[in-house]
Amino acid sequence: MAEIGGIGCGCRGVSGGNFFFHPVGGGFSLKTCFLQQRTRRNRNFFRNLSIAPSFKRGGRLITKWSSVAGNCPIYSMDAGEKSRSFVLVSSRHKKVPVYVMMPIDTFGIDSSGCPIIKRLKALTVSLKALKLAGVHGVAVEVWWGIVERFSPLEFKWSLYDELFRLVSEAGLKLHVALCFHSNMHLFRGKGGGVSLPLWIREIGDVNKDIYYRDKNGFSNNDYLTLGVDQLPLFGGRTAVQCYEDFMLSFSKNFEPYFGNLIEEISIGLGPSGELRYPAHPLGDGRWTFPGIGEFQCHDKYMMEDLMAVASREGKPQWGSRDLPNAGCYNSFPSEVPFFEEGHDSFLSDYGRFFLEWYSGKLICHADAILAKAADVLRRRQEEEKSSVMLVAKIGGIYWWYKTSSHPAELTAGYYNTALRDGYDPLASVLSRHGAALHIPCLDMADSETPEKYLCSPEGLLRQIHDVSKKRTIQVTGRNTSERFDVMGLRQIRENCVQPNGETVRSFTFFRMNEKIFRVENWNNFVPFVRQMSADV
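All values derive from a computational prediction rather than experimental measurement.

1. Concerning helix H5 (residues 198-206)
Line of reasoning, step 1. Within H5, burial applies to Trp199, Ile200 and Gly204. The arc that holds the buried residues of H5, viewed along the axis, is 145 degrees, so those residues lie on one side. Turned more than 90 degrees away from the buried face of H5, the exposed residues are Glu202, Asp205 and Val206.
Line of reasoning, step 2. Where the residues of H5 are buried, they touch helix H3 (144-147), strand E10 (211-213), strand E11 (219-224) and helix H6 (239-254).

2. Things to note about the packing of aromatic side chains
Line of reasoning, step 1. For the structure shown, the criterion picks out 46 aromatic pairs.
Line of reasoning, step 2. A cation over a ring is seen here: Lys315 above Trp318, with NZ or CZ 5.3 Å from the ring centre.

3. With respect to unusual backbone geometry
Line of reasoning, step 1. The omega torsion of the bond from Phe289 to Pro290 falls at 10 degrees, within 30 degrees of zero and hence cis.
Line of reasoning, step 2. Checked against the element boundaries, Pro290 lands in the loop between strand E13 (274-275) and helix H7 (300-312).
Line of reasoning, step 3. In this chain, Phe510 is followed by Arg511 through a cis amide linkage whose omega measures -25 degrees.
Line of reasoning, step 4. Mapping Arg511 onto the fold places it in the loop between strand E17 (507-509) and helix H14 (519-532).

4. Structural notes on the pairing of strand E12 (residues 262-267)
Line of reasoning, step 1. Burial analysis of E12 places five of its six residues in the buried class, the great majority of the element.
Line of reasoning, step 2. Strand direction decides the pairing type here: strand E9 (residues 173-179) and E12, joined by five bridges, are parallel. By the bridge assignment for E12, Leu178 is matched with Ile267.
Line of reasoning, step 3. The sheet contact formed by E12 and strand E14 (residues 389-394) spans three bridges and is parallel. Opposite Ser266, over in E14, you have Val391 as the bridge partner.

5. Overview of the pattern of salt bridges
Line of reasoning, step 1. As enumerated under the stated definition, the model contains 20 salt bridges in all.
Line of reasoning, step 2. Between Asp424 and Lys470 there is a salt bridge, with its nearest N and O atoms 3.0 Å apart. On the criterion of sequence distance, the pair formed by Asp424 in helix H11 (residues 424-432) and Lys470 in helix H12 (residues 457-470) is long-range, its members being 46 residues apart.
Line of reasoning, step 3. You can call Asp424 buried: its relative accessible area is 1%.
Line of reasoning, step 4. Put simply, Arg483 and Glu448 hold a salt bridge, and the shortest N to O gap is 3.2 Å. Within this pair, whereas Arg483 is found in the loop between strand E16 (475-478) and helix H13 (486-496), its partner Glu448 is found in the loop between strand E15 (435-439) and H12, the two being separated by 35 residues in sequence.
Line of reasoning, step 5. Classification of Glu448 as partly exposed rests on a relative accessible area of 34%.

6. Comments concerning the side chain of Gln463
Line of reasoning, step 1. Inspection of the secondary structure puts Gln463 in helix H12.
Line of reasoning, step 2. In this structure Gln463 comes out as buried when scored by relative accessible area, which is 14%.
Line of reasoning, step 3. In contact with Gln463, not counting residues within four places along its chain, are Tyr401, Asn416, Asp421, Gly422 and Tyr423.

7. Brief notes about the environment of Ala435
Line of reasoning, step 1. With respect to the helices, strands and loops of the structure, Ala435 is situated in strand E15.
Line of reasoning, step 2. In this structure, the C-alpha to C-alpha distance between Ala435 and Lys393, residues 42 residues apart in sequence, is 10.0 Å.
Line of reasoning, step 3. The residues contacting Ala435, other than those within four sequence positions of it, are Leu390, Leu430 and Ile473.

8. Concerning the packing of helix H2 (residues 120-133) against helix H4 (residues 158-169)
Line of reasoning, step 1. At a minimum axis separation of 9 Å, H2 and H4 run at an interaxial angle of 35 degrees. Counted together, Leu120, Leu123, Thr124 and Leu127 of H2 and Glu162, Leu163, Leu166 and Val167 of H4 form the full contact between these two elements.
Line of reasoning, step 2. Split by residue class, the contact of H2 with H4 holds six nonpolar, one polar and one charged.

9. Some details on the environment of Cys455
Line of reasoning, step 1. As for its position among the elements, Cys455 is in the loop between E15 and H12.
Line of reasoning, step 2. The buried category is assigned to Cys455, whose relative accessible area is 3%.
Line of reasoning, step 3. Through-space distance from the C-alpha of Cys455 to that of Tyr398 is 5.5 Å; in sequence the pair is 57 residues apart.

10. Quick notes on the pairing of E11
Line of reasoning, step 1. As judged from the three bridges shared by E10 and E11, these two strands associate in the antiparallel manner. Bridge assignment links Tyr211 to a residue of E11, and that residue is Leu224.
Line of reasoning, step 2. Counting the residues that bridge the hairpin from E10 to E11 gives five residues, and of these Gly217 lies at a positive phi of roughly 85 degrees.

11. Remarks on H11
Line of reasoning, step 1. For H11, a buried count of nine out of nine residues is recorded, marking the element as mostly surrounded by other parts of the structure.
Line of reasoning, step 2. Among all positions of H11, only Asp424, Pro425, Leu426, Ala427, Ser428, Val429, Leu430, Ser431 and Arg432 are buried.
Line of reasoning, step 3. Just downstream of H11, Gly434 is the residue with a positive phi angle, here 70 degrees.

12. Some points on the nonpolar core
Line of reasoning, step 1. Ranked by internal contacts, the top residues of the largest apolar core, which has 145 residues, are Tyr160, Phe164, Leu224 and Ile267.
Line of reasoning, step 2. For this core, the element with the highest residue contribution is helix H9 (residues 349-383), accounting for 14 residues.
Line of reasoning, step 3. Here Leu224 is in contact with Trp144, Leu196, Ile200, Ile210, Tyr211, Tyr212, Phe234, Ala239 and Tyr243, once residues within four sequence places are set aside.

13. Observations concerning the side chain of Asn416
Line of reasoning, step 1. Position of Asn416 relative to the elements: it lies in the loop between helix H10 (407-412) and H11.
Line of reasoning, step 2. A relative accessible area of 1% means that Asn416 is categorised as buried.
Line of reasoning, step 3. Separated by 2.7 Å, the side chains of Asn416 and Gln463 make a polar contact.
Line of reasoning, step 4. Residues contacting Asn416, with those up to four places away along its chain left out, are Tyr401, Ser405, His406, Glu409, Leu410, Asp421, Gly422, Tyr423 and Gln463.

14. What to know about the confidence of the model for the protein
Line of reasoning, step 1. Taken as a whole, the protein shows an average pLDDT of 85; of its residues, 81% reach a score of 70 or greater.
Line of reasoning, step 2. Scored below 50 in pLDDT, residues 73-93 makes 75 contacts in the model with residues more than four places away or belonging to other chains.

Reading the values: rules and limits
- Residues numbered from 1 in each chain as written.
- Predicted model: local features only at pLDDT ≥ 70, side-chain atom pairs only at ≥ 80, totals over all residues.
- Heavy atoms only, no water.
- Buried < 20%, exposed > 50% of the residue type's maximum accessible area, 1.4 Å probe, protein only.
- Helix = DSSP H or I, 4+ residues; strand = E, 2+ residues; numbered from the N terminus.
- Arc of directions from axis to C-beta.
- Contact = heavy atoms within 4.5 Å.
- Phe/Tyr/Trp six-rings, centres within 6.5 Å; stacked < 30°, edge-to-face > 60°.
- Lys NZ or Arg CZ within 6 Å of the ring centre and 35° of its normal.
- Pairing = 2+ DSSP bridges.
- Salt bridge = Lys/Arg side-chain N within 4 Å of Asp/Glu carboxyl O.
- Axes fitted to C-alpha atoms, helices over the stretch in contact; angles between N-to-C directions.
- Nonpolar A, V, L, I, M, F, W, Y, C, P; charged D, E, K, R; others polar.
- Core = buried A, V, L, I, M, F, W, Y, C linked by side-chain atoms within 4.5 Å.
- Polar contact = N/O pair within 3.5 Å; in protein donor to acceptor, adjacent residues only side chain to side chain.
- pLDDT = per-residue confidence, 0-100.

As structure tokens, this is what we get:
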């Protein structure tokens with residue numbers, strides 16, 4: 001199972017591990033939600049939206065829909081509504097810049113408990129080698145659990161000052177990934193990894209409901225549950241306020257790099273930085289590919305919200321009853337009544353209610369955090385001519401994609417079925433905030449996946465490209481499995497360049513380790529990078 005793309009195929013082995021440089025040659029209606037609390041500026045920002053029934057305004061169709069996602073009204077806009085993007089440009093006939101993600105174990109903890117950069121000399125040589133190969137930049141994970149590690153609002157940026165300086169001296173650009181999750185599960189039994197901030201963990205030791213829980217009560221401490229987004233449980237701050245303070249501190253410290261060294265900033269929205277629920281947990285034995293996964297909303301805050309929403313909908317029994325009989329982590333769709341047709345299935349009134357609420361909470365989460373991030377970048381870019389591209393990542397849930405219910409996507413929070421486009425609402429939120437959509441699976445072809453699991457990474461990519469074009473947002477991407485073979489690298493290029501000449505905005509290769517510098521791999525990787533860097 002691939003660490004590198006968050007959720008990935010079980011068909012290919014993936015290695016993270018240490019790295020050392022070896023010198024070598026060579027159509028359902030779109031729905032989007034708005035938060036209850038908006039500043040006057042944000043209310044003006046959404047002034048073109050109506051709360052009236054469907055009607056035309058200035059050539060645009062605007063509709064209000066009944067929402068079951070808490071107190072977030074859900075609206076639909078005509079696809080012709082112009083994106084609010086302030087950084088996007090045409091992607092026709094462009095080069096595809098290649099970033100390489102830094103090693104998984106770039107950071108470590110010394111004997112005193114303080115974070116350090118590991119193998120600094122080897123890293124410096126490796127960065128120079130990537131530059132010589134034609135790589136555009138590197139992707140660096142900026143961890144909440146490193147910067148605000150010990151105490152609330154005490155941000156220590158010295159490690160990133162040093163790392164960004166090394167990248168700049170190597171002549172490379174930066175994609176910065178602001179990470180509000182942990183990757184400790186990837187190091188289970190090995191030691192290492194980056195946890196959530198220690199003060200967050202102390203709160204979690206007392207109140208485990210700040211984390212996601214599955215139906216058996218097992219908590220996942222890699223990311224805070226959506227249920228605490230607006231609850232002041234963290235020293236008087238809500239989770240969203242904690243994320244906002246972190247982004248503001250980052251901006252204050254690294255604004256001089258915006259638009260020159262730092263070209264892209266992705267905002268962590270969930271496990272592995274992706275906007276999804278941890279329905280397919282890696283590393284703890286609960287889930288293996290191609291299991292459908294489990295719904296992750298059994299913490300008390302999510303359950304309280306579900307009960308409140310059900311009562312407002314006039315169906316209090318839907319909030320107090322057991323959640324859907326949706327199988328377990330490793331079930332197949334045919335074994336689970338909820339994902340088939342019939343009473344209380346995903347097609348029933350109750351099924352639609354639950355899935356609308358479950359996916360709606362995820363959309364509200366993205367809207368809240370991206371609104372904060374976009375405001376930070378917009379202020380910067382109003383003052384300067386240089387720009388930074390805001391990026392949001394989603395998971396690549398491609399198994400069981402050819403079924404009617406798309407069960408693995410439903411448990412992850414994407415209300416995407418044969419009858420409903422679940423990615424359109426996400427794309428609309430990104431469009432509103434000027435964010436690009438980052439997708440995995442760019443190394444994958446349907447022919448390389450097990451046919452019996454009804455996989456279709458190509459179908460998923462086509463759907464994502466279609467909604468991105470419809471909502472006028474850029475697409476960036478990455479590989480899911482580690483590929484150095486010629487066929488795999490060719491598949492990446494084919495998925496990055498559309499038949500009409502349009503390209504993804506950039507590609508991130510996951511990730512740097514010792515394998516990339518082996519002669520047989522380097523001799524394939526370098527030509528690949530140079531082909532991606534040539535005009536399409």
